[in-house]
Amino acid sequence: MTDPRRDAARQAAPGRPADALWALSRAAQALFALGYPLLVVVASASFGARGAALALLAVLVVGRLHRLRGGRTGTGVTAGLVAVVAALLALAAVLDDTRYMLAYPALVNGALLWQFASSLRGEQPIVERFARLQVRDLTPAEVRYCRTVTLVWSGFFVANGTAAAVLAVAAPRSWWATYTGIVSYLLVAALFGAEYVVRKARFGRYGRGPVDRLLAHLLAPTRSS
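Residues numbered from 1 in each chain as written. Predicted model: local features only at pLDDT ≥ 70, side-chain atom pairs only at ≥ 80, totals over all residues. Heavy atoms only, no water.

Moving on, we get to the overall build of the protein. A tally of helices and strands in the protein yields 8 helices and 0 strands. For the protein, the N- to C-terminal ordering of α and β elements is α-α-α-α-α-α-α-α. The 225 residues of the protein split such that 29% are buried. Nonlocal contacts in the protein, meaning residues at least 24 apart in sequence, comprise 62% of its contacts between residues at least 6 apart. Carbon and sulfur atoms provide 67% of the accessible area of the protein, an area that totals close to 13700 Å². (Helix = DSSP H or I, 4+ residues; strand = E, 2+ residues; numbered from the N terminus. Buried < 20%, exposed > 50% of the residue type's maximum accessible area, 1.4 Å probe, protein only. Contact = heavy atoms within 4.5 Å. Areas by Shrake-Rupley, 256 points an atom, 1.4 Å probe, with all protein chains shown as cover.)

Set out below in structure tokens:
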């Protein structure tokens, strides 16, 4: 006579390696996306240009496994970006040259610029799409504001991508790594924060979180005056 609990455990066991692989893939994707500049500097110093390029290529491939497992390859822009980055890493490995690895931050900004700027030609800019996930009944003023914010982000990606490209070509690796790995993230956070405060000051719609309660206390008198 079979034990139902033992049969259930046997059926569940094969899924554990797949779940571990999925978690590893997600971790590799996050590491590649957020820690790329640091990975380039550390891996290049430890393994040389060819070794660093191969290591980064391996992280990139592992980071895509969870998407392939789910039958998803991402949007056309994302898939194209991954293909270009993989080709550059392969070229860096073949030529043993770190310069080809430095293009990734500029390429990411270019892909984001394309997504934001191209959305302005449609009925809903990308910022409006995100806004409607939280608030469906946007006012005409809020719709116009979303378009303006999309333009602002597009300009930011132009400036940020240009800075990353110039530093990759004409500056020491440490400057490139510091800007693309630290400064650019701080600038993104600053722009997010500034836009959030401006939006709350202009339209209200305060939530129940501590940040919104603080902003309501600080900005409500400004809106009512």
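Moving on, we come to the packing of aromatic side chains. As enumerated under the stated definition, the model contains 9 aromatic pairs in all. Between Trp-153 and Phe-192, the ring centres sit 4.9 Å apart and the planes meet at 55°, which makes this aromatic pair tilted. With Trp-153 in helix H6 (residues 140-170) and Phe-192 in helix H7 (residues 173-203), this pair connects stretches of sequence that are 39 residues apart. The class of Phe-192 is exposed, set by a relative accessible area of 51%. Every member of this aromatic cluster is reached through a ring pair, and the members are Phe-116, Trp-153, Phe-156, Phe-157 and Phe-192. (Phe/Tyr/Trp six-rings, centres within 6.5 Å; stacked < 30°, edge-to-face > 60°.)

Below, the discussion takes up a nonpolar patch on the surface. A contiguous nonpolar surface patch, about 330 Å² in accessible area, is contributed by Leu-21, Leu-24, Val-61 and Leu-65. Mapped onto the secondary structure, Leu-24 falls in helix H2 (residues 15-69). (Patch = residues over 30% accessible without salt bridge, like charges linked within 9 Å, V, L, I, M, F, W, Y side chains within 5 Å. Salt bridge = Lys/Arg side-chain N within 4 Å of Asp/Glu carboxyl O.)

Under the 1.5 Å per step criterion, the end-to-end length of H7 is 43 Å for 31 residues, consistent within 8% with the ideal 45 Å. For H7, the complete set of buried residues consists of Trp-176, Ala-177, Tyr-179, Thr-180, Ser-184, Glu-195, Lys-200 and Phe-203. Residue Gly-204 follows H7 closely and has a positive phi angle near 75°. (Expected span 1.5 Å × (residues − 1).)

This model, assessed by the stated rule, comprises 1 cavity of 30 Å³ or more. Reported here for the largest cavity is a volume of approximately 30 Å³. Around the largest cavity sit Tyr-36, Val-85, Leu-88, Leu-89, Tyr-100, Met-101, Ala-103, Tyr-104 and Leu-107, which together line it. Among the elements of the structure, helix H3 (76-95) and helix H4 (104-119) are those that each provide at least two residues to the lining of the largest cavity. Split into classes, the residues belonging to the lining of the largest cavity amount to 9 nonpolar, no polar and no charged. (1 Å grid on protein atoms, 1.4 Å probe; cavity = no way out; pocket = protein on both sides within 12 Å on 5 of 7 lines; lining within 4 Å. Points joined across faces, edges and corners; volume = space filled by probe spheres on them. Nonpolar A, V, L, I, M, F, W, Y, C, P; charged D, E, K, R; others polar.)

Within this structure, the stated rule accounts for 4 salt bridges. A salt bridge links Asp-96 to Arg-50; the nearest nitrogen and oxygen atoms lie 3.9 Å apart. Here Asp-96, found in the loop between H3 and H4, pairs with Arg-50, found in helix H2; they are 46 residues apart in sequence, far enough to count as distant. Of the residues examined, Asp-96 reaches a relative accessible area of 40% and is grouped as partly exposed. Owing to a relative accessible area of 38%, Arg-50 belongs among the partly exposed residues under this scheme.

Another point: the packing of H4 against H6. H6 packs onto H4 with a crossing angle of 160° between their chain directions and a minimal axis gap of 8 Å. In this view, H4 runs roughly antiparallel relative to H6, as classed from their interaxial angle. H4 and H6 meet at a crossing whose hand is left-handed. Touching Pro-105, Ala-106, Asn-109, Leu-112, Leu-113, Phe-116, Ala-117 and Ser-119 of H4 are Thr-150, Trp-153, Ser-154, Phe-157, Val-158, Asn-160, Gly-161, Ala-164 and Ala-165, all from H6. For the contact of H4 with H6, the per-class residue count stands at 11 nonpolar, 6 polar and no charged. (Axes fitted to C-alpha atoms, helices over the stretch in contact; angles between N-to-C directions. Parallel < 35°, antiparallel > 145°, perpendicular 65-115°, else oblique. Left-handed = near helix turned anticlockwise from the far one by under 90°.)

What follows covers the packing of H6 against H7. At a minimum axis distance of 11 Å, the contact between H6 and H7 shows a crossing angle of 170°. In terms of their interaxial angle, H6 and H7 are classed as roughly antiparallel.

Another point: the environment of Trp-175. Relative to the helices and strands, Trp-175 resides in helix H7. Residue Trp-175 is classed as exposed on the basis of its relative accessible area of 56%. With 11 residues separating them in the primary sequence, Trp-175 and Ala-164 have C-alpha atoms 9.7 Å apart.

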